[in-house]
Amino acid sequence: MSAFVKNKLKAARDAINKKEYEKAKGAATEVLEYEPGNYNANVFLALALLNLGQTEQSEQAYRTAIAASPEQVLAWQGLSRLYEQQKDWPKHAEVLQRLVDLFAKLNDATKCAETLQKFIELRRDPEKSTQMQLADALALLLPDSPLYPVLSTLSPPDPTNPDSTSTFAIQTAVHNSLPTLEELVALCEHEEETTIDREVAKRRTRLGASGPEQLQREVSREVLASSRLPNLYNEVLNHPNTSDELRRSTESRLLRHRQRYLYVLPAAGEAAAQKTKVAAELEDLVNGMVLLGVQDDLAWSLFIEAKDAGSIDMYGLDILRQLVELFPSLSLAKLVKGYFGYMGVPVSEDDEDSAAVGQAAGQQDDFVDVVIDAFGRLPDSLLAHLAMEEIYQHESDLENAIKVAESGLGLVKRTEQNNGKPMPKTKKAFNVSLATSLVQYFPPKHHPRALDMITQVLVQDPDNVPCLMGRAYVLQHARKWTEAGELFERVAQLLPDDLDQGLRAKEEQAWCRAMNHDLEGGANALQEVLAVLDAVEDREDDQARCWWRLGRCYWDMGDHSREEAYRHFITSLKRSPTFAPAFTSLGIYYSEFLSPADPSRASKCFQKAFELDPREAEAARRLSEGFAEEREWDLVEVVARRTIDGEGGLAGRSDAVASARYLPINAWAWKAVGVVELNRQNYPPAIQAFQIALRTDTDDQLSWLRLGEAYSKAGRYAAAVKALERALELKPDDWICSYFIGEVQRQMGDYEGAIKAFAMVLDNHPDELGVLLSLGQAHLDLGRSEFATAYTTRAEGSFVSSVLVTLRLIDTSPGFRRVAWKTAADAIYRLSQFPILSDEDSVRECLARVVSLLSDYSVEGMSGFISTPLSLDASSDISLFTLEVAIAAYDYRISLGSLDNTTHASAFFDLGAALSAYIQRGIPEAKAELARQSAISQLKEALRLDPSNDRYWDALANVTFSSQPRTAQHAFIKALEIASKNVVTWTNLGLFYLHHGDVELANEAFYKAQTLDPDYALAWVGQGLVATANGHETEATALFEHAVGLSVPVPDADLEYARRLFRRSSTSTQLQLPADALVPAFFVLDRFCKKRPQDASALHLLGLVCERIGHLELAVENIGRAIALLEAAYEDTEDPAIERQFTIAHSNMGRLRLALGDYNSALESFQATMGLLPEELESETPTTRILLAQAQFGSGLAQFKIGELAEALTLFEAALSTASDDAVVRGHAIVMLAQTLWALGTEEGRESAKTQLLQSIESDPDNLTAINTLAGMGILTDDDSLVDAALSEILSLPIDHRLARDPGRDVTYLLIQHHLAQGDATRALSVAQTAVFAEPSRADARRELAALTLQQGASGAARAVIAGSAPAREDGMAQLRESLALHATVLCRDGSGAEARRLAQKAVMLSPWRLREWQALGYCAERRALS
């Protein structure tokens, strides 16, 4: 190193010592300029820069120094200080760890320990490091750390003087690593639990994530596979300073960690070997802890639960006793102690008599309670399940035994998966127990399932006695006596001296022989069994069964052995007084063999047998038959249901499974239950019962019939039809089945099919009252359906048929009178809604029969408005009389009384509703008020009887709508409280509010109704009325238009919509409206008039609409009908308003006849109009003057048309005088007066006509008709001055004003014709061009210009003009008809012959009645032929 470098380095170090950092920086820089890789110069420069605050340059200098010499510590130490100042803790920790390694390599234990101590303190700060970083740092202190050889050279710590050294903490940890190990264990345990919870929470939010349990297993497997804890636990256990308490605690932690890891490892796949290894480790650990008697409940539980034991004895009584001793408060220990007590096993070897004492003291139930209580807290214990299973088997609690066995099998599967090894013995034990329990549990219900399990067990263990017995019992129930006997014989051979299963097998073998027709052999074998069995104590039930079976053998031997059988039955009951089959046999003996029979004792025996055992089906059947004969139906139901319970019923099965698979033993019980449920209107249970009963006998016709009935009443009509058709197939002559099919068809809406079905039944059974009643109701329902679809004639016939059928029912029998009169009154009420009857004679005949039945009945309370007695001849209004008859029929129905309040309330409601309709028939006000009060009274009575019916409240509100608004509002609110979603009530409430002026509330009510049912037309009508009240006419019209388009129209909406449409067309400023603008009005008015043909106003309006759309004959017909109705109404009332309507109708009729050319008839109509109007007009209204002026004008026009010009002049002059103030009528009258004067043919007349027109134009310059007429006169006389005088003023106006005054563009037409008449085609073409320039969108102007252009030979220009004509959307078809012929001609002239011919053909197709179209087609064809 040169002197220069040394001097500069010395100067830099001195400057740093003096804190002259700029000077130090300069000296170091000079060195680096001379020697860039100088280590000390870089360190001095970095230190100077650090103190000058230039940290980035300082870090760079340190890194340069380290790169030059990485094994020197000076630069690392400086870099550590730099990161510490910057609080860059991750880099600071990295540098400290590097320094620790460097000092270890240098064997500098003190520096290494000091730096390590600093590093650990940094890691302990939770804000600067994580827990696992701290664990990694602490691991450097352990013996397996690479630093340990250096650190172990430190002297032992001096606890009395900890400040004597700077490395006391490290010295302490190195010389005693146990605290460090404990801290590491705590850190790792916390980190693993935190990691598992965090990962599970994160993965659960992923799409397609596994279930919570599976996800927990997956995450736990990943975390535990790389866990440090097992090694740490072993180090703690092997540490010399570990205390016994810590050792036990650590063993417990290690045990739980290994168990948890074992349970999350899969038993198959790549992890299978690892699972086996972990299982072996866990087993060694558990065995060691149990061997040493360590008090760790988990170790003992794992040790016990891991045993593959088929019974409690196989666990080892010593182990179980030791468990009870070590853990007396453990649930498993309590269960074992209770089990020992129940089974009489001493809990300890020193207490051999404790169990016996307990048994003697009668503590069996207490022990069972202890076991059950402990079992509830041990859901994952195989030992608990086996103990509980044995107890339930011993107690013959088969249901709970099945549940425990099923749960045990599931637990075995989970245990095998967790432990990674099979448990065949335990699994077999549960399978055997479950199979044998299923065999005995409601046999033979579960035999198929049990047989599968038995077969599986016998494949593995062919001599398994319980399964052999179980299979034999299954065969026995299947009446396969030979096969069953062979199996019982095999068991008897396996257990020849056994007094339990062996003896029972011998008994069952003997019974199979007896049932297999070897009665003597079976009886002898049973006697041999009895010889042994009677000597055994505590076997009373077995003895009773054997004696009963022996008695059955003698009973089946014949009458000569019946007494012997009786004695054996008695002996059986002596052995066990609760043996039910013996009572059943005794009952049969008393009822069938004893002479004389003793039915009382037999019934008592049957009752006792059924009381003891509901499975005694024979006793139950005989009991139910006896109760049925005594008509004790409740007792029949009790017996049937208990019989079903005795055979297992639907226990443990869903309804669907029961209906589909369950095959009952006692079908009669299910039939009885079905009938009971059907009578109680519990249709789903009834359906289920009949379905199950039909599983036994699919050809049971009565069950199919009842099933169909239940289906129909439950609303399942398709299924009902299928069931009833099956019943009819089984018994074709069963009229009840046909009747039910008809009922189902009626409920489905197939009324015609129902009527046919009822009629077929009545052909063979004409007096069946129920069928007659249903037929009448079917006719009524059919009529309602036909009336709703506008088939009024058919509906009328259906209602008449309903009345006639019901009268036939009333004549046949006095029964069903209430229902019959209800049906008849409803049908008559419906007939009253027909304004015109198509077959009035049949209706009159029908009403006469009803009136004759009501002749002796006085309609009390209604004599003030209904004449009594009712007389058809005294009434001129058949519709009103029909309604009166309906009211009388409803009142008569009330007089018949009722069996319940609901039906009685319905009768009062029907009468009130009929009276409400009676009020609307236009009767005198006095009668209407009396009828209204009576209707209110009837509806209030209905509400008193049934206040929860919203229809009654709504009807009361409608009756009091105007007269009692407070009552009406209250009734509406009550109706909505009962049925808040009734759209009818909401709409009626809206109409109520609208009627009484509250538009806002009305709008809210209508909006609610629309929300509930958007297709309810009356709600839209209400909204239209609200819009009208608010002055929104456009919106109102749109709402009415929507209302009339709905599926169920409202007649009043039809009329209102038509009026609005007609009014809009009448007040439109456009004279040329689309041709189909009034077609919707025509259709809705036609629909309205069909429903209300007596409405003169609607007929009149329909006539005017027909006039507008060109149906003049139909217009005359409708207005003629209106005139006839008005004339009849005026004769009855002489109302001036009706007279005025009559006058207007005649005036319109005259105008229509004029249009049809029937001038004489038109003259008659106008003369009738003038005759109805007063001659003196001074005091009359303007309307009267206009009517008279129009009549005079029309009469004059008629006279003009028939050639009576003088009379026409007189009438036109009279019209001018009458219409002096009406410019429109006066203008038309002047024009016609001028035309008449012109028609006289005299020069004086023509001059007078011109004078009249000139004066009219002068006084009324807007009279365009007069202007056009005067111009026409000028054109005819070739008087240009007259034409100019007529058109000068209108031609001088601006174009927009001119078009406004001439909407029909008549002036343009006259000018063109005038110029053409003068032979000036150029000026005519100029006028047409001006018109097109002013209105280029008008198709008629373009056609006129194209025609003129074509006439001048410019076909190309004509084609261009007409091609730009786009028909308007509103009248597109009309414009197309006008344009096609011209367009075809233009194309033909222009050389496009094929296209021209196609357009000409289309024109002919659209308007075949017009000559011009045919001419165009002929012209195109001619040109084509010439070409």
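What counts, and at which threshold
- Residues numbered from 1 in each chain as written.
- Predicted model: local features only at pLDDT ≥ 70, side-chain atom pairs only at ≥ 80, totals over all residues.
- Heavy atoms only, no water.
- Helix = DSSP H or I, 4+ residues; strand = E, 2+ residues; numbered from the N terminus.
- Buried < 20%, exposed > 50% of the residue type's maximum accessible area, 1.4 Å probe, protein only.
- Contact = heavy atoms within 4.5 Å.
- Areas by Shrake-Rupley, 256 points an atom, 1.4 Å probe, with all protein chains shown as cover.
- 1 Å grid on protein atoms, 1.4 Å probe; cavity = no way out; pocket = protein on both sides within 12 Å on 5 of 7 lines; lining within 4 Å.
- Points joined across faces, edges and corners; volume = space filled by probe spheres on them.
- Nonpolar A, V, L, I, M, F, W, Y, C, P; charged D, E, K, R; others polar.
- Core = buried A, V, L, I, M, F, W, Y, C linked by side-chain atoms within 4.5 Å.
- Axes fitted to C-alpha atoms, helices over the stretch in contact; angles between N-to-C directions.
- Parallel < 35°, antiparallel > 145°, perpendicular 65-115°, else oblique.
- Phe/Tyr/Trp six-rings, centres within 6.5 Å; stacked < 30°, edge-to-face > 60°.
- Left-handed = near helix turned anticlockwise from the far one by under 90°.
- Expected span 1.5 Å × (residues − 1).

J.: Sorry, what's going on with the overall build of the protein chain here?
T.: A tally of helices and strands in the protein chain yields 74 helices and zero strands. A total of 1427 residues make up the protein chain; the buried ones form 48% of that total. In the protein chain, the proportion of contacts linking residues at least 24 apart, taken out of those at least 6 apart, comes to 55%. Carbon and sulfur atoms provide 51% of the accessible area of the protein chain, an area that totals close to 70,000 Å².

J.: Got a minute to help me understand empty space enclosed by the protein in this structure?
T.: Per the counting criterion, the structure on display carries one cavity of 30 Å³ or more. Computed from the structure, the largest cavity encloses a volume of approximately 30 Å³. Residue lining of the largest cavity: Arg818, Arg893, Ile894, Gly897, Ser898, Thr903, His904 and Ala907, and that is the complete set. Contributions of two or more residues to the lining of the largest cavity are made by helix 46 (878-895) and helix 47 (901-919). It is helix 47 that provides the largest number of residues to the lining of the largest cavity, a total of three residues. Classifying every residue of the lining of the largest cavity by side-chain character gives two nonpolar, four polar and two charged.

J.: I tried to follow the nonpolar core on my own but got confused; where do I start?
T.: It is characteristic of soluble globular proteins that their nonpolar side chains tend to be buried jointly. If you look at the biggest cluster of nonpolar residues, it comprises 213 residues, and the most contacted ones within it are Leu116, Leu151, Ile170 and Leu255. Excluding residues that lie within four positions of it along the chain, isoleucine 170 makes contacts with Ala113, Leu116, Gln117, Ile120, Leu141, Leu151 and Leu154. Within the second largest apolar cluster, 118 residues are counted, among which are Val744, Ala778, Tyr952 and Val983.

J.: For this particular structure, what's the right way to read the packing of helix 29 (residues 540-556) against helix 30 (residues 562-575)?
T.: It is at 8 Å that the axes of helix 29 and helix 30 come closest, and there the two elements cross at 170°. Taken together, helix 29 and helix 30 sit at an angle that is classed as roughly antiparallel. Across the interface between the two elements, Glu540, Gln543, Ala544, Trp547, Trp548, Leu550, Gly551, Arg552, Tyr554 and Trp555 from helix 29 touch Arg562, Glu564, Ala565, His568, Phe569, Thr571, Ser572 and Arg575 from helix 30. Grouping the amino acids of the contact of helix 29 with helix 30 by side-chain chemistry returns eight nonpolar, five polar and five charged.

J.: What am I meant to see in the environment of serine 963 here?
T.: Position of serine 963 among the secondary structure elements: in the loop between helix 49 (950-959) and helix 50 (965-978). Among the residues examined, serine 963 registers a relative accessible area of 41% and is labelled partly exposed. Expressed as a C-alpha distance, the spacing of serine 963 and arginine 932, which sit 31 residues apart in the sequence, is 9.3 Å.

J.: Looking at this structure, I do not really get the packing of aromatic side chains. What am I missing?
T.: Counted under the stated rule, the structure contains 23 aromatic pairs. Arranged with centres 5.8 Å apart and planes meeting at 35°, the rings of tryptophan 511 and tryptophan 548 form a pair that is tilted. Separated by 37 residues along the polypeptide, tryptophan 511 in helix 27 (residues 501-515) and tryptophan 548 in helix 29 bring together distant segments of the chain. Given a relative accessible area of 12%, tryptophan 548 falls into the buried group. Ring centres of phenylalanine 961 and phenylalanine 992 lie 5.6 Å apart, and the angle between their planes is 85°; on these two criteria the pair is classed as edge-to-face. On the criterion of sequence distance, the pair formed by phenylalanine 961 in the loop between helix 49 and helix 50 and phenylalanine 992 in helix 51 (residues 983-995) is long-range, its members being 31 residues apart.

J.: Explain the packing of helix 29 against helix 31 (residues 580-593) to me, please; I cannot follow it from the model alone.
T.: Think of two packed helices as two axes; the pair is described by the angle between the axes and how far apart they sit. Contact geometry for helix 29 and helix 31: axes closest at 10 Å, N-to-C directions at 25°. Between helix 29 and helix 31, the interaxial angle falls into the category roughly parallel. Helix 29 and helix 31 meet at a crossing whose hand is left-handed. Across the interface between the two elements, Trp548, Arg552 and Trp555 from helix 29 touch Pro581, Ala582, Ser585, Ile588, Tyr589 and Phe593 from helix 31.

J.: Where do I start with helix 7 (residues 109-124) in this structure?
T.: Helical geometry note: an α-helix holds 3.6 residues per turn, so side chains three or four residues apart project in the same direction. With 16 residues, helix 7 should reach 22 Å at 1.5 Å per residue; the first-to-last C-alpha distance of 22 Å fits that figure. Buried within helix 7 we find Ala109, Cys112, Ala113, Thr115, Leu116, Gln117, Phe119, Ile120, Leu122 and Arg123. In this fold, the buried residues of helix 7 make contact with helix 6 (89-105), helix 8 (131-139), helix 9 (148-151) and helix 10 (168-175).

J.: Sorry, what's going on with unusual backbone geometry here?
T.: Leaving glycine aside, a negative phi is the common case for residues, and trans is the common case for peptide bonds. Omega for the peptide link from proline 443 to proline 444 comes to 0°, which places this bond in the cis form. With phi around 65°, lysine 19 is a residue other than glycine that occupies positive phi space. Its location among the elements puts lysine 19 in the loop between helix 1 (3-17) and helix 2 (21-34). You will see that lysine 87, though not glycine, has its phi angle at about 60°, which is positive. Mapped onto the elements of the fold, lysine 87 is located in the loop between helix 5 (73-86) and helix 6.

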